[in-house]
Amino acid sequence: MRAAINFPDLSPELFSFSVGAMEFALRWYALAYIAGILIAWKLGAMALRRPALWPATTPPMTPKQLEDLLFYIVLGVILGGRLGFVLFYQPAYYLQHPLEILMVWQGGMAFHGGLLGVIAAAWLYTARQGIAKLGAADLIAHAVPPGLMLGRLANFINAELWGRPTDLPWGVVFPGLAAQSCGQVEGLCARHPSQLYEAALEGLLLGLFLLWLVYRRGALRAPGRVLGVFLTGYGLARFVVEFARQPDAQFASPDNPLGLAWHIDGWGLTMGQLLSLPMIALGLWFVLRARTRARDKVSA
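Note that this is a predicted model, so its numbers are computed, not measured.

**Q** Can you help me understand the environment of R225 in this one?
**A** With respect to the helices and strands, the residue R225 is situated in helix 8 (residues 225-241). Sequence separation between R225 and L134 is 91 residues; the distance between their C-alpha atoms is 9.0 Å.

Here it is in structure tokens:
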């Protein structure tokens, strides 16, 4: 093994305490969810307080409606993320162990499922409140990346979802037998810190770009544009990082060591890439649709 970075001495728990026989702990991953929701709320409220950002200087909802919408979104993230993991990644296992579907504390969430859950929750709430759906979607989309970044940083702290073996100098030696099972003859195994790649691409860079579009380019005045850029940007970031992520164990086999969900003669795509392609296509459609509508409005 060449030069590598040893995994820092980090605990998945921010703090813990016991009450009798019960132990309570605040984990970094839970804190990332909480902080991501609070940041999204603040970003959304800030955009709603600036009518000039919106078509006809009219925000799609009130700050109070945003607070109510967040409750629906939290439910959508949890239910959609869990069901997405069950259906996309391990349907056969959970078909045999259906009660474990409810055991979310054991881990197992899928972003694409969470996204579908958010869409369903937002659609339900906006329909009941008579809120413009594209305006609400743009509002949500521009506020999501900070939460994605914090979630990926929490994945790194938890030493989970690490990448494939690498001899690059920034490879990280993650702890645990699974992380060290690289097939090496001797020495330690360094892996891509793919969690940090995703934090940088789908969190930091995408988030800054969306904020620039909203506050410098007036993107919210073209309904669907911000949503389209978010879907396209996340899909592309996830598609690229999948080349460095550790293969999904449930798809890996001696004949398919890369863990490809679809392949022909060793060439194919991972499940993450397959799920990202519709996101990219849908995102581009929203961007083009918003551009066409804006051009037609000007010409009219």
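Still to come is the rest of the account.
**Q** Which parts of the structure should I look at to understand the packing of helix 6 (residues 145-157) against helix 8?
**A** Relative to each other, helix 6 and helix 8 sit at 20°, their axes nearing to 12 Å. Here helix 8 runs roughly parallel to helix 6, going by the angle between their axes. As for the relative orientation of helix 6 and helix 8, their crossing is right-handed in sense. Between helix 6 and helix 8, the residues in contact are P145, L148 and R152 and F230, Y234 and R238, respectively. Of the residues in the contact of helix 6 with helix 8, the class split is four nonpolar, no polar and two charged.

**Q** Sorry if this is basic, but what is going on with the nonpolar core here?
**A** Soluble globular proteins: nonpolar side chains tend toward being buried together. M61 and F230 are the most contacted members of the largest nonpolar core, which has 37 residues in total. Those elements that place two or more of their residues in this core are helix 1 (28-48), helix 2 (63-88), helix 4 (111-129), helix 5 (133-143), helix 7 (194-216), helix 8 and helix 9 (271-299). Aside from chain neighbours lying at most four places away, what touches M61 is L48, L66, L69, I131, A136 and L139.

**Q** Hey, could you run me through unusual backbone geometry in this one?
**A** For residues besides glycine, phi is generally negative; the peptide bonds are generally trans as well. Phi at A56 takes a positive value of approximately 55°, unusual for a residue other than glycine. For L161, which is not a glycine, the phi torsion comes out positive at approximately 55°. As for its placement among the helices and strands, L161 is situated in the loop between helix 6 and strand 4 (172-173).

**Q** In this structure, what is going on with the packing of aromatic side chains? I would like to understand it.
**A** In this description, an aromatic ring pair is defined by two values, namely the gap between the centres and the angle between the planes. Under the criterion given, the structure shown has eleven aromatic pairs. Between Y72 and Y125, the ring centres sit 5.1 Å apart and the planes meet at 55°, which makes this aromatic pair tilted. Residue Y72 is found in helix 2, and its partner Y125 is found in helix 4; the two are separated by 53 residues along the sequence. A relative accessible area of 3% means that Y125 is categorised as buried. Three or more aromatic residues joined by ring pairs form one cluster here, namely F7, F156 and F174. Positioned above the aromatic ring of W41 is the side chain of K42, whose terminal nitrogen or guanidinium carbon lies 4.6 Å from the ring centre. Cation over ring: K133 sits above W123, and NZ or CZ is 4.8 Å from the ring centre.

Conventions used here
Residues numbered from 1 in each chain as written. Predicted model: local features only at pLDDT ≥ 70, side-chain atom pairs only at ≥ 80, totals over all residues. Heavy atoms only, no water. Helix = DSSP H or I, 4+ residues; strand = E, 2+ residues; numbered from the N terminus. Axes fitted to C-alpha atoms, helices over the stretch in contact; angles between N-to-C directions. Parallel < 35°, antiparallel > 145°, perpendicular 65-115°, else oblique. Left-handed = near helix turned anticlockwise from the far one by under 90°. Contact = heavy atoms within 4.5 Å. Nonpolar A, V, L, I, M, F, W, Y, C, P; charged D, E, K, R; others polar. Core = buried A, V, L, I, M, F, W, Y, C linked by side-chain atoms within 4.5 Å. Buried < 20%, exposed > 50% of the residue type's maximum accessible area, 1.4 Å probe, protein only. Phe/Tyr/Trp six-rings, centres within 6.5 Å; stacked < 30°, edge-to-face > 60°. Lys NZ or Arg CZ within 6 Å of the ring centre and 35° of its normal.

Take it as geometry only, folks, not as evidence of what the structure does.
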